[in-house]
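If you want the building blocks of each chain, they are given just below.
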Amino acid sequence: MHRLLIVLGCLMTFPAYAQAEDPCVTQRNMLEMNDCGQQQLDKADRSLNQAYQTLIKKFSEKDTPDSRNSVIKQYLVTAQRAWISFRENDCKAIYTYNEGGTIRNIAYLGCMTEHTEQRTKELKKEFVPGG
């Protein structure tokens, strides 16, 4: 009976341990630091994609005498593609520079996140009133 209570006690506490802790809070090792960096990049990417899609939708409207939406949209798409290439290459350079160390992934993810957050700010500032 005593053994059964111990087993039940362990099983009752297992779900608390089974749930992954937030690696951005704990950051006890490189794996958690990398996971945190990836989460931050994913969040930044979602924000960027939302801002970009808002603009694409806005400039998908018919051209007017005051706004050549089709031309703006074309330039925006071209610029975004070029920016993606720039971000990738810039951050790959940082990754390669640090490739001998354990910090390379964190440096790469940090670079990607920083560029992504900056691009989101630029899109909102230039095209979204009050952005």
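Structural data are supplied above this passage.
If you're wondering where the values come from, they're calculated on a predicted model, not measured in any experiment.

Trainee: I'm lost on helix H5 (residues 104–127) in this one. Help?
Mentor: Given 3.6 residues per helical turn, the α-helix brings residues three or four places apart onto the same face. Given a rise of 1.5 Å per residue, 24 residues ought to cover 34 Å, and the 34 Å separating the end C-alpha atoms of H5 matches this to within 8%. Along H5, the positions that sit buried rather than exposed are Tyr108, Leu109, Cys111, Met112, Thr113, His115, Thr116, Arg119, Thr120 and Leu123. Considering only its buried residues, H5 is in contact with helix H3 (30–58) and helix H4 (69–97).

Trainee: So what exactly am I meant to see when it comes to H3 here?
Mentor: For H3, spanning 29 residues, the distance from its first C-alpha to its last is 42 Å, which sits close to the expected 42 Å at 1.5 Å a residue. All of the buried residues in H3 are Glu32, Asn34, Cys36, Gly37, Leu41, Ala44, Leu48, Ala51, Tyr52, Leu55 and Ile56. Looking at the buried side of H3, the elements it contacts are helix H2 (23–26), H4 and H5. Where H3 starts, the residue carrying a side-chain oxygen 3.0 Å from the main-chain nitrogen of Leu31 turns out to be Asn29.

What counts, and at which threshold
Within each chain, residues carry numbers counting from 1 in the order of the written sequence. It should be noted that, the model being predicted, local features are given only for residues of pLDDT at least 70 and side-chain atom pairs only at 80 or more, the latter also being counted only at that level, while totals for whole chains, interfaces and linings use all residues. For the side-chain quantities, the full set of heavy atoms in the structure was used; hydrogens and water were omitted. Strands are runs of DSSP state E lasting at least two residues, helices are runs of H or I lasting at least four, and both sets are numbered from the N terminus onward. What a helix is expected to span follows from its residue count: subtract one and scale by 1.5 Å. Working definition: with a 1.4 Å probe on protein chains only, accessible area under 20% of the residue-type maximum means buried, over 50% means exposed, and in between means partly exposed. The contact criterion used throughout is that any non-hydrogen atoms of two residues lie within 4.5 Å. Polar contacts, as counted here, are pairs of nitrogen or oxygen atoms within 3.5 Å of one another; within protein the pair requires one atom able to donate a hydrogen and one able to accept it, and residues that are adjacent in sequence qualify only if both atoms are side-chain atoms.

No statement about biological role is implied by the geometric values presented.
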